[in-house]
Amino acid sequence: MDLESLKETNVERYTRYKTLIGKFVEKFNEDPQFVSRAPGRVNLIGEHIDYCGYSVLPMALTQDLSLAVRTNSSTVLRVSNINSAFSDYIGDTTTFTINSDKPAWFNYILCGIKGIIESSNISNLPGMDIMVDGSVPQAAGLSSSSALVCAAGLATAHACNCSLTRLELADICMRCEHYIGTQGGGMDQSISFLAQQGMAKLISFNPLRSDNVVLPDGAVFVVTNSCVTMKKADTAHFNTRVTECKVAAQMLASWKSLDRSQVKTLGDVHEMLGVDLDSMVKMVEDLMHDHPYNVGEVGQQLGMSGEEVKEKLLFKNTSQVDSFKLKQRATHVFSEARRVFKFKEVCSETTNPLVKLGELMNESHDSCSRLYEASCKELDQLTELCRKHGALGSRFTGAGWGGCAVSLVPSDKLNSFIGSLRTSYYANMNDDEFAKAVFFTAPGGGAGVYLQL
Ligand code: A2G
């Protein structure tokens, strides 16, 4: 699509891009050749299960990360952000390195570029000048970082004329974000590429696919920011949970005498046993004890020394972890996977689906908070308030430990819901801040490129 056609279809985005282009010209003294954009997402249900191989159910936001881009005749890579709080980056497309110890914002762009270089065997990537504008709230669980990876991956693919499908781009970007160090699943990058306007998506993995989910009428999904910021890559919380799930999968495989070399995720164990999810929940209940496992106990069961457990099952930033709540984490994963399928089923029911969807969302929050310990007191308080003020269901969305909640609110209660939150959780905010912290959007479309003609 060319940029000018946006004037007809999306004047707000068109105006925003005109400003972005203006900033590009100010910085680099030339027009950009194109703008690549990738949306953030709100996950409706299916939290912390994508990296265990299970399907999740997000929708894309209309907010996105947008990059104005021009290739240059050298190999110099210059990245700038219209928000001056983000420092400039200057590097070289042939020699740049990604810092995963304390990743600065532009490292997510480098991940996207590296992903395309490696997957498409590009040896002569030109230099690029890039100006970034983000409208996804940051460190809020709405996937602003993955949107940046995806927009950069798409820009690089476009700059190099690589013809890749959306599925291929999603697959490349979900892998290359691992260069940053967090071992996430592929939900964020997949919905960013595979989203379709007006649809939520059931995203499934191995192989990656997406199925449309039409959300029922009569209610809206409202996003509310807890205002507790959470940068996944800055703490070991996220990778600790990934580790616990990996260890739980190995332990279950060992108890069930499966070939452990074939088992990477809890989903693998499930698939190899060929039973249903109810049976998996029951199996965890029967086989695992409530108190945490330690490296010694894990090693004993798996026939490994403590050092081997650390080497084979832990990540760089979880190497000190010696307490694994395997029963709680595995119970969350299998029961959450069951809730995702139920949610999709209920979406197509005609009789009163909203109440059931709300219940599933509440159960999901409870499980994420109590069993997975990925919530925080502000998110627990906020979801509680949302229910009190009329939401049929409310849960945190994204990685957790801060960030946003998503609530299912009947349309006829929307005004009173927003009004009550304004005077309770958000009483200390001004109107501008409140408008950014609480919003609802219809499902947005996926990533794309606009040409500057
Ligand atoms: O937490 C993050 O958003 C993860 N994304 C995503 O894959 C998923 O695991 C989610 C929790 O459900 C990244 O790590 C990029």
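Predicted, not measured: the structure shown is a model, and the values here were computed from it.

Draft legend 1. Layout of the overall build of the protein chain. For the protein chain, the count of helices and strands is 16 helices and 12 strands. For a compact globule of 453 residues, the expected C-alpha radius of gyration is about 22 Å, and the protein chain comes in at 22 Å, within 12% of that figure. Its C-alpha atoms put the protein chain at 65 × 55 × 40 Å along the principal axes. Across the 453 residues that make up the protein chain, the buried fraction comes to 57%.

Draft legend 2. A look at the UniProt feature "domain: GHMP kinase N-terminal" (unreviewed entry) in the protein chain. UniProt tags residues 107-194 as "domain: GHMP kinase N-terminal" (unreviewed entry). With 55% helix and 9% strand, residues 107-194 has end C-alpha atoms that lie 23 Å from one another.

Draft legend 3. How the structure looks around unusual backbone geometry. Looking along the chain, the bond that leaves asparagine 206 and enters proline 207 is cis, with omega of 0 degrees. With respect to the element layout, proline 207 can be found in the loop between β6 (200-204) and β7 (209-213). You will see that asparagine 121, though not glycine, has its phi angle at about 50 degrees, which is positive. Within the fold, asparagine 121 resides in the loop between α3 (107-119) and β5 (127-134). Among the residues examined, asparagine 121 registers a relative accessible area of 68% and is labelled exposed. A positive phi angle, near 55 degrees, is found at tryptophan 401, a position not held by glycine. Relative to the helices and strands, tryptophan 401 is located in the loop between β9 (393-396) and β10 (404-410).

Draft legend 4. Examining the environment of asparagine 206 more closely. Within the secondary structure, asparagine 206 is located in the loop between β6 and β7. Accessibility expressed as a relative area gives 69% for asparagine 206, which makes it exposed. Between the C-alpha atoms of asparagine 206 and tyrosine 54, which are 152 residues apart in sequence, the distance is 9.3 Å.

Draft legend 5. Seen up close, the pairing of strand β8 (residues 219-225). Counting buried residues in β8 gives 6 out of 7 residues, a clear majority hidden from the surface. Relative to β10, β8 runs antiparallel, the two being bridged by 7 bridges. When the bridges of β10 are listed, valine 223 appears paired with valine 406. Two elements, β8 and strand β11 (residues 438-440), share 3 bridges in a ladder whose sense is antiparallel. What sits directly across from valine 222, in β11, is phenylalanine 440.

Draft legend 6. Local environment of the packing of aromatic side chains. Taken as a whole and judged by the stated rule, the model has 10 aromatic pairs. Arranged with centres 6.1 Å apart and planes meeting at 75 degrees, the rings of tryptophan 105 and phenylalanine 106 form a pair that is edge-to-face. When sorted by exposure, tryptophan 105 lands in the same class as phenylalanine 106, which is buried. For the pair tyrosine 425 and tyrosine 426, a centre-to-centre distance of 5.0 Å together with 70 degrees between the ring planes defines the contact as edge-to-face. Ring pairing ties together the aromatic residues Phe86, Tyr89, Trp105 and Phe106, which thus form one cluster. Here the guanidinium or amino end of lysine 114 rests over the ring plane of tyrosine 179, the centre of that ring lying 4.7 Å away. The ring of tyrosine 372 is capped by arginine 241, whose NZ or CZ atom sits 5.9 Å from the centre of that ring.

Draft legend 7. Representation of the UniProt feature "domain: GHMP kinase C-terminal" (unreviewed entry) in the protein chain. In the UniProt entry, the feature "domain: GHMP kinase C-terminal" (unreviewed entry) is given for residues 355-425. The distance separating the terminal C-alpha atoms of residues 355-425 is 24 Å; by composition the span is 55% helix and 15% strand.

Draft legend 8. Expanded view of the site of the ligand. Looking at the ligand, there are 16 residues lining it, with Arg41, Glu47, His48, Asp50 and Asp188 nearest. One of the backbone N or O atoms of glycine 185 is found 3.0 Å from an oxygen atom in the ligand. For the ligand, whose free accessible area comes to 370 Å², the fraction covered by protein is 98%. Considering every element that reaches the shell around the ligand, the biggest residue donor is helix α6 (residues 187-194), with 3 residues. A per-class count over the shell around the ligand returns 4 nonpolar, 6 polar and 6 charged.

Draft legend 9. Representation of α3 within the structure. Between its first and last C-alpha atoms α3 spans 18 Å; for 13 residues at 1.5 Å apiece the expected length is 18 Å, and the two agree. α3 sits mainly inside the fold: 10 of its 13 residues count as buried. Among all positions of α3, only Asn107, Tyr108, Ile109, Leu110, Cys111, Gly112, Ile113, Gly115, Ile116 and Ile117 are buried. As for α3, its buried residues are in contact with β3 (76-81), β4 (89-92), β5, α4 (144-159) and α5 (166-176). Looking one or two residues past α3, asparagine 121 carries a phi angle of roughly 50 degrees, positive in sign.

Reading the values: the criteria
Residues numbered from 1 in each chain as written. Predicted model: local features only at pLDDT ≥ 70, side-chain atom pairs only at ≥ 80, totals over all residues. Heavy atoms only, no water. Helix = DSSP H or I, 4+ residues; strand = E, 2+ residues; numbered from the N terminus. Rg over C-alpha atoms; globule rule 2.2 N^0.38 Å. Buried < 20%, exposed > 50% of the residue type's maximum accessible area, 1.4 Å probe, protein only. UniProt positions renumbered as here; feature names shortened; annotations may be inferred. Pairing = 2+ DSSP bridges. Phe/Tyr/Trp six-rings, centres within 6.5 Å; stacked < 30°, edge-to-face > 60°. Lys NZ or Arg CZ within 6 Å of the ring centre and 35° of its normal. Near = heavy atom within 4 Å. Polar contact = N/O pair within 3.5 Å; in protein donor to acceptor, adjacent residues only side chain to side chain. Areas by Shrake-Rupley, 256 points an atom, 1.4 Å probe, with all protein chains shown as cover. Nonpolar A, V, L, I, M, F, W, Y, C, P; charged D, E, K, R; others polar. Expected span 1.5 Å × (residues − 1). Contact = heavy atoms within 4.5 Å.

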